[in-house]
Amino acid sequence: DPLRAANLRSHLGTTYLNQGQHELGLNECRVGLKTLPALDPGADSVRFKLEFALGSLYQHANRFDSAQVHFDAAQLVLRNAPRLERAIPYSVSNFYATLSVFAKQTEDSPKVFLYAEKTLQMAKRYGLDDMLPTAYNSLGSYYQDLGEFEKSVEQYVLALQHTQSA
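About the thresholds
- Residues numbered from 1 in each chain as written.
- Predicted model: local features only at pLDDT ≥ 70, side-chain atom pairs only at ≥ 80, totals over all residues.
- Heavy atoms only, no water.
- Helix = DSSP H or I, 4+ residues; strand = E, 2+ residues; numbered from the N terminus.
- Rg over C-alpha atoms; globule rule 2.2 N^0.38 Å.
- Buried < 20%, exposed > 50% of the residue type's maximum accessible area, 1.4 Å probe, protein only.
- Contact = heavy atoms within 4.5 Å.
- Areas by Shrake-Rupley, 256 points an atom, 1.4 Å probe, with all protein chains shown as cover.
- Lys, Arg positive; Asp, Glu negative; His and termini not counted.
- Charge placed at Lys NZ, Arg CZ, Asp CG, Glu CD.
- 1 Å grid on protein atoms, 1.4 Å probe; cavity = no way out; pocket = protein on both sides within 12 Å on 5 of 7 lines; lining within 4 Å.
- Points joined across faces, edges and corners; volume = space filled by probe spheres on them.
- Nonpolar A, V, L, I, M, F, W, Y, C, P; charged D, E, K, R; others polar.
- Phe/Tyr/Trp six-rings, centres within 6.5 Å; stacked < 30°, edge-to-face > 60°.
- Expected span 1.5 Å × (residues − 1).
- Axes fitted to C-alpha atoms, helices over the stretch in contact; angles between N-to-C directions.
- Left-handed = near helix turned anticlockwise from the far one by under 90°.

Chemist: If you had to explain the overall build of the chain to someone new, which residues and values would you point to?
Modeler: Along the chain, the regular secondary structure elements total 9 helices and 0 strands. In the chain, the order of α-helices and β-strands from amino to carboxyl end is α-α-α-α-α-α-α-α-α. By the compact-globule yardstick of 15 Å for 166 residues, the chain fits well, its C-alpha radius of gyration being 16 Å. Summarising its shape, the C-alpha atoms of the chain cover approximately 50 × 30 × 25 Å along the three principal directions. Put simply, the chain has 166 residues, and 42% of those count as buried. Sequence-distant contacts, at least 24 apart, represent 56% of the contacts inside the chain between residues at least 6 apart. Of the roughly 8900 Å² of accessible surface on the chain, 52% is carried by carbon and sulfur atoms. Side-chain charges in the chain split into 16 positive and 18 negative, and the spacing between the mean points of these groups amounts to 7 Å.

Here you go:
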């Protein structure tokens, strides 16, 4: 089944990412995209996961231009298939959390806030309690960078509270 194989390649890609083996991960995701059947009903979900994985692999390799290309492609998939938010909420929430970190790395401050807020909204909407500390931490970092230390402390305290309750 080509769709299942492409999905497994996204999992392999992220596993290689977690092991620091970026080139192996990139290769698996590239092959997954090439072999992904375009018209299969589940292709949007797998395409999103592959593009997200490729963006993350390039991000961790400090190849930010390439990361941006794949993050943009993943966002396009989400725009064209909004049902994915309900179908794979954890993956989409994790994607927004990753985009918040990426925006901080690339010094795009307004997007740090935008994506941290999206992460927070999704975590609350879908009961993704383990994503709440990540979202609050990103917001705390955003406010700290702006010099809004009271707001920053509030967000970090919320992150800590949700870390202890998770």
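Chemist: Break down the layout of surface pockets for me, with residues and values.
Modeler: What the largest pocket holds in volume is close to 360 Å³. Around the largest pocket, the lining comprises 16 residues; the ones closest to its centre are T14, F52, A53, S56 and N94. With 6 residues, the single largest contributor to the lining of the largest pocket is helix α3 (residues 43–60). Partitioning the lining of the largest pocket into residue classes produces 5 nonpolar, 10 polar and 1 charged.

Chemist: Which residues make up the side chain of S138, and what are the values?
Modeler: The residue S138 is located in helix α8 (residues 132–145) in this model. Ignoring anything within four residues of it in the chain, the contact list for S138 reads S100, V112 and A116.

Chemist: Which residues make up the packing of aromatic side chains, and what values go with them?
Modeler: Centre distance and the angle of the planes are the two values used to describe a pair of aromatic rings. Evaluation of the coordinates by the stated rule reveals 11 aromatic pairs. Seen in terms of ring centroids, Y96 and Y115 are 6.1 Å apart; in terms of plane orientation they differ by 10°. Their pairing is stacked. Here Y96, found in helix α6 (residues 89–105), pairs with Y115, found in helix α7 (residues 109–126); they are 19 residues apart in sequence, far enough to count as distant. Judged on exposure class, the residue Y96 and its partner Y115 are both buried. Considering the side-chain rings of F113 and Y142, the 5.0 Å spacing of their centres and the 40° angle between planes classify their relative orientation as tilted. One end of the pair, F113, is in helix α7; the other, Y142, is in helix α8, and 29 residues separate them in sequence. Given a relative accessible area of 14%, Y142 falls into the buried group. Put simply, the rings of F48, F52, F64, F71, F95, Y96, F102 and Y115 pair up and form one aromatic cluster.

Chemist: Explain α3 residue by residue, including any values.
Modeler: Over its 18 residues, α3 extends 25 Å from the first C-alpha to the last, a length consistent with the 26 Å expected when each residue adds 1.5 Å. Burial analysis of α3 places 14 of its 18 residues in the buried class, which makes it a mostly covered element. Positive backbone phi, at 60°, marks N62, one or two positions downstream of α3.

Chemist: Describe in detail the packing of helix α4 (residues 64–80) against α6, supporting the description with residues and values.
Modeler: Taken N-terminus to C-terminus, the directions of α4 and α6 make an angle of 145°; their axes are 12 Å apart at the nearest point. The handedness of the crossing between α4 and α6 is left-handed. Along the contact surface, α4 presents F64, A67, Q68, F71, A74, Q75 and L78, while α6 presents V92, F95, Y96, T98, L99, F102 and Q105. Within the contact of α4 with α6, the residues separate by chemical class into 10 nonpolar, 4 polar and no charged.

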